Amino acid sequence: QPPVVQPPVVEKPIEQPPVVQPPVVEKPVEQPPVVEPPVAETPVEQPPAAEPATGGIDDAAIAKQYNLLATPENVQAFLAEVKTYEATGALGPGATNTSAVKDLQAVLASFGFAVPATGVYDNGTAQAVMQFKIQNGLHQTYKSADGQLAVNEYADKQTLDLVMKKLEALMNQPPAQPAPVQAAPAPAPAPAPQAPVAQPEAPNPLGLEWVS
């Protein structure tokens, strides 16, 4: 018998899973950020705001509040004068120097104004100061709404200087001399008796006899 030839045993290879290599990630090179220039928008032109001529001050409002002639020049004159009051020691409503106010009131009283020396710059004091200004031709550098030079209630330096000048003149006046007593006039001599002049008789319509 021929020998039995056994077929060779072929071993099935064991399949190995493929080895997956991780991908090599290259580190990116950092680039500086690209700054885009801003897009300049064309501005919309606005009409210029109408500002008052006195540097942002509302002339009309001030003129209305203080009864002034509503022109920029007049309002400027008003503001400039008021600004000097504090620096020159002007007296007016709200003054805190009570002794100075009391002295002013005493002097005004010596001029004939009915102002009690209270030390408070009240309405009566203000009216007396205004009357003193008017009597002596003093006025402000600005005009009131009627176009006339204004006279206000503040006793500014010009007013106080004139008050002192008037007070000195009053104190230097000589005392009033009493009027000389005149002798009574001599009595006039009695007139010489004259012969009676016949008077016409009054009408006597009833024919009655007159009694002498």
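Per chain, residue numbering runs from 1 following the sequence as it is written. Totals for whole chains, interfaces and linings use all residues, but because this is a predicted model, local features are given only for residues with pLDDT of at least 70 and pairs of side-chain atoms are given and counted only at 80 or more. Values reported for side chains reflect all heavy atoms of the structure, with hydrogen atoms and water molecules removed beforehand.

## A look at the pattern of salt bridges
Link 1 in the chain: We define a salt bridge as a contact between a side-chain nitrogen of Lys or Arg and a carboxyl oxygen of Asp or Glu at a distance within 4 Å. Tallied over the full model, the rule gives 1 salt bridge.
Link 2 in the chain: Note that Lys157 is salt-bridged to Asp161, the shortest N-O span being 3.0 Å. Of this pair, Lys157 and Asp161 both sit in helix α5 (residues 157-171), 4 residues apart, which is roughly one turn of the helix.
Link 3 in the chain: The buried label goes to any residue with under 20% of its type's maximum accessible area, the exposed label to any with over 50%, and the partly exposed label to all in between, with areas taken from a 1.4 Å probe on protein chains only. For Lys157, a relative accessible area of 47% translates into the label partly exposed. The way it works is that DSSP assigns letters per residue, a run of H or I at least four long becomes a helix, a run of E at least two long becomes a strand, and they are numbered from the N terminus.

## Focus: unusual backbone geometry
Link 1 in the chain: Unlike most non-glycine residues, Asn67 shows phi in positive territory, near 55 degrees.
Link 2 in the chain: Considering the arrangement of structural elements, one finds Asn67 in the loop between α1 (59-65) and α2 (72-88).

## Some details on the packing of aromatic side chains
Link 1 in the chain: Only Phe, Tyr and Trp rings take part, Trp by its six-membered ring, and two of them pair if their centres are within 6.5 Å. Stacked means planes under 30 degrees apart, edge-to-face means over 60, and tilted covers everything else. Considering all chains together, one arrives at 4 aromatic pairs under this definition.
Link 2 in the chain: Considering the side-chain rings of Phe78 and Tyr142, the 5.1 Å spacing of their centres and the 90 degrees angle between planes classify their relative orientation as edge-to-face. Placement of Phe78 in helix α2 and of Tyr142 in the loop between α4 (123-135) and α5 is noted, with a sequence separation of 64 residues between them.
Link 3 in the chain: The exposure class of Phe78 is buried, given its relative accessible area of 7%.
Link 4 in the chain: Ring geometry for Phe111 versus Phe132: centroids 5.8 Å apart, planes at 10 degrees, classification stacked. Of this pair, Phe111 sits in the loop between α3 (98-110) and α4 while Phe132 sits in helix α4, and the two are 21 residues apart along the sequence.
Link 5 in the chain: Using a relative accessible area of 26% as the deciding quantity, one classes Phe111 as partly exposed.
Link 6 in the chain: One aromatic cluster in this structure is built from Tyr66, Phe78 and Tyr142.

## Quick look at the nonpolar core
Link 1 in the chain: Core analysis: the largest hydrophobic core is formed by 17 residues, its most contacted members being Leu91, Leu104, Leu108, Phe113, Tyr121, Val129 and Ala155.
Link 2 in the chain: When contributions to this core are tallied by element, the ones reaching two or more residues are α3, α4 and α5.
Link 3 in the chain: Any pair of residues with heavy atoms lying within 4.5 Å of one another is described as a contacting pair. In contact with Leu104, not counting residues within four places along its chain, are Leu91, Tyr121, Val129, Ala155, Leu160 and Val163. Buried Ala, Val, Leu, Ile, Met, Phe, Trp, Tyr and Cys residues that are joined via side-chain atoms within 4.5 Å together make up what is termed a nonpolar core.

## Quick notes on the confidence of the model for the protein
Detailed reading of the predicted coordinates is not advisable wherever pLDDT is low.
Link 1 in the chain: Looking at any residue, its pLDDT shows the predictor's confidence there, from 0 to 100. Averaged over the protein, the pLDDT score is 77; the fraction of residues at 70 or greater is 56%.
Link 2 in the chain: Per-element averaging of pLDDT across the protein places α2 at the bottom with 91 and α4 at the top with 96.
Link 3 in the chain: Low pLDDT, under 50, characterises residues 46-54; the stretch is placed with 8 contacts to residues that sit more than four places away or in other chains.

## So, α5
Link 1 in the chain: For a helix, the expected span equals 1.5 Å multiplied by the number of residues minus one. When the terminal C-alpha atoms of α5 are compared, their 21 Å separation across 15 residues agrees well with the 21 Å that a helix rising 1.5 Å per residue should span.
Link 2 in the chain: All of the buried residues in α5 are Thr159, Leu162, Val163 and Leu167. Down the axis of α5, the buried set is contained in an arc of 140 degrees. They therefore lie on one face.
Link 3 in the chain: Contact partners of the buried residues in α5: α3 and α4. Within this analysis, the arc is defined by the directions that extend from the helix axis to the C-beta atoms.

## Re the environment of Gly137
Link 1 in the chain: With respect to the helices, strands and loops of the structure, Gly137 is situated in the loop between α4 and α5.
Link 2 in the chain: The exposed category is assigned to Gly137, whose relative accessible area is 55%.
Link 3 in the chain: Along the sequence, Gly137 and Val151 sit 14 residues apart, while their C-alpha atoms lie 9.7 Å from each other.

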